[in-house]
Amino acid sequence: MMKVFGANITHQVLDYLNDSLRNMVSVEEANSKLFQSFGVIQFFDNEEDLQILKESISISQSIVLDPDRAEYGDFQTNIELANNIALHLTTKDISPEIIIEPTCGKGNFIVASLKYFNGVKKIYGIEIYKPYVWESKFNILDFYLKNPNENNTKHNLPEVSIIHTSIFDFDFKNIAKENNTKKILIIGNPPWVTNAKLGSLNSSNLPKKTNFKNHNGLDAITGKGNFDIAEYITLMMVETFQNQNGNIALLVKNAVIKNIVFDQINNKYHISDLEKYLIDSKKEFNVSVEASLFYCKLNSNPTFWCTEFDFYNNSDVKSNFGWATDKFVSNLDNYSDSIQIDGKCPFEWRQGIKHDCSSIMELELVNGCFVNGLKEEVSLESDLVYGILKSSDLKNTIINQTRKHTIITQKKVGQETDYIKYNFPKTYKYLSEHQDIFNARKSSIYNNKPPFSIFGVGEYSFKPYKVAISGLYKTYHFTLILPQNQKPVMLDDTCYMLGFDKLEFAVYSHILLNAKITTKLLQSITFADAKRTFTKDVLRRIDLLALAEIIDKSELKKELDYINQTYNFNLTLDYWDDFMNEMKPIERIQMELFA
């Protein structure tokens, strides 16, 4: 394998171009020759490209390693996977006339399409990276040279346009308009990267700045405004071609497919037969990313669910996810077992403390002294020091001791912190000595906030009793958290919690949240490949009131007795009615009083 223009080129293509172009001086003549032989439109953009290529292929080329473009989300699809995807599409009786690869890379999907789709008239490949543009063209020539029977009938050759431009500058509407009666296939592998990542790399291959999902200001600041480029591209293709006959088959991250199905309830794109084929990204791309082939049919009545398969053995359906009326569900088949408690939690779920300064704010107690993450022994008043739990700590049923402590500088977000200087001089001295570390925090949420500010703090943080779950771990287990040294225990921002003033209310909630039906609900509405299995949006769907109304009282008593015996409590159900009333809306309580 040799290199020309930074692109890989086989010896066969090299020899062919050397022989065919040696005596050609006109770019028009060269382009005409390559179009007639291989269907590639405007192989050379200008005279200079032709002359440089001729000079390059006439001398020996050294082998150069491919640049690592993984940081750009550039994971090139190997030809075997591209072939298998094209072959899979033929089993669905897909026979496109127009093929579009919005980010064509080295052109393996184009070559696979030439191999498996016989009725293709035109192929459009868009690519911003110039070496890949050349390599796509070289690979098309290599395919025909290795398969001469494919181009015996020259007038049936598909016209292939490999266009060097950013996908975000290319007008796909013209293709849609020119081919509005033809069957279209959009195929490929858009970049697996976010807009924020590409922006940090100063990439020019970015959409115009836009909050394309219309998130509010805080959501946009804290991350929801960051989106996957592949999702943007996929939706661009859907919006442009949804009213034309054809199909989409794109390799994207699983989160992209979930988002598309989730937003379909509002977008109502004219797509149906939504399917997700799980691939082994480690095997295919040597990366640890949960990804799949997303397939759908265009120009059809909107569908609001997606069927999941294993790409390598797609005879069996793994699951169906999507919308069940007005609820988004990860497993539609099992959802019916717990649908009665899918509603709105009467208590507000909260996230734990966020400070982004663990080396300073988190402490361990070693031989009676606090030690920070920098291994410094710390002298400070104990008033602002609280025990803290992280996701990895939430393994036991009940916790009343923590391995770490944290400094809580505020009781509500934005509170002034001057009081620390006067009331807790040791603590203030310690924090001030590390002011540079606080200043280095990157999140914009700390901008123009008082010194040593934290987030995720409020009255709820100081509730003595909490029921919590890890947002990161895939265990459907809730932990009861008790005070430590007569002070409430804090949680970090990877955890979610309910806070209570009364121990009985916390224990009742703990029993309900660990009930079998709750686990079934969570298994039906959470996605195993999500970055966070549990989020506020998921947890607030657990209708504890509905669950409390249908739970078997004998089962409730049994669980309460177990907690009493195991943890030496003496709790009863005497507060159960108060607990129920606490969860009921005021209007409902008033109606019951006058019934």
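Just so it is clear, the model here is predicted, and its values are computed rather than measured. (Residues numbered from 1 in each chain as written. Predicted model: local features only at pLDDT ≥ 70, side-chain atom pairs only at ≥ 80, totals over all residues. Heavy atoms only, no water.)

## Here we look at the sheet that holds strand S19 (residues 404-407)
Whenever strands of a sheet pair, they do so through backbone hydrogen bonds, lying parallel or antiparallel. To keep it simple, the criterion reads: Two strands qualify as a pair provided DSSP detects at least 2 bridges between them. Elements are defined by DSSP. Helices are runs of H or I of four residues or more, strands are runs of E of two residues or more, and each kind is numbered from the N terminus.
Read across the open sheet, the 6 strands follow the order S16-S15-S14-S19-S17-S22; overall the sheet is mixed. Strand pairing shows two members of the sheet lacking a second neighbour, strand S16 (377-378) and strand S22 (490-491), which therefore form its edges. With 2 bridges joining them, strand S17 (residues 385-389) and S22 adopt parallel strand pairing. Following the sheet pairing, Ile388 is matched in S22 by Met490.

## Considerations on the environment of Phe5
Worth spelling out the cut-off: Exposure categories follow from relative accessible area, calculated using a 1.4 Å probe and restricted to protein chains: below 20% of the type maximum is buried, above 50% is exposed, and the middle band is partly exposed. Residue contacts follow a heavy-atom distance rule, with two residues in contact if any of their heavy atoms lie within 4.5 Å.
Among the secondary structure elements, Phe5 is positioned in the loop between strand S1 (2-4) and strand S2 (7-9). Assessed through its relative accessible area of 23%, Phe5 is described here as partly exposed. Separated by 130 residues in the primary sequence, Phe5 and Glu135 place their C-alpha atoms 8.7 Å from one another. In this structure, Phe5 is in contact with Asp49, Ile52, Leu53, Pro131 and Trp134, ignoring residues within four places of it in sequence.

## Section: helix H22 (residues 576-583)
Applied cut-off: Taken from the helix axis, the directions to the C-beta atoms give the arc we talk about.
Restricting attention to buried positions, one finds in H22 the residues Trp576, Phe579, Met580 and Met583. End-on view of H22: buried residues confined to an arc of 100°, all on one side of the axis. Those residues of H22 that are exposed and angled more than 90 degrees off the buried face are Asp577 and Glu582. Buried residues belonging to H22 abut helix H17 (503-513), helix H20 (544-550) and helix H21 (553-567).

## What about the side chain of Asp342?
Cut-off, in case you're wondering: Identification of polar contacts relies on pairs of N or O atoms within 3.5 Å, with a donor-acceptor requirement for protein atoms, meaning one able to donate a hydrogen and the other able to accept it, and with residues adjacent in sequence counted only if both atoms are side-chain atoms.
Turning to its location among the elements, Asp342 is positioned in the loop between strand S12 (327-329) and strand S13 (350-351). For Asp342, the side chain forms a polar contact with the side chain of Arg541, separated by 2.8 Å. Filtering out sequence-adjacent residues up to four positions away, Asp342 remains in contact with Lys327, Tyr335, Leu521, Ile525 and Arg541.

## Focus on the sheet that holds strand S21 (residues 479-481)
In plain terms, the rule: All axes here are fitted lines through C-alpha atoms, helices being fitted over the stretch that makes contact, and every angle between N-to-C directions spans 0 to 180 degrees.
Across the sheet, which stays open at both edges, the 5 strands sit in the order S13-S23-S20-S21-S18 with mixed pairing between neighbours. Only two strands of the sheet have a single neighbouring strand rather than two, namely S13 and strand S18 (398-399). Relative to strand S23 (residues 495-500), S13 runs antiparallel, the two being bridged by 2 bridges. Across the sheet, residue Gln351 finds its bridge partner in S23, namely Tyr496. On top of the sheet, H17 reaches strand S20 (465-470), S21 and S23; it is set at about 25° to S20, its chief contact.

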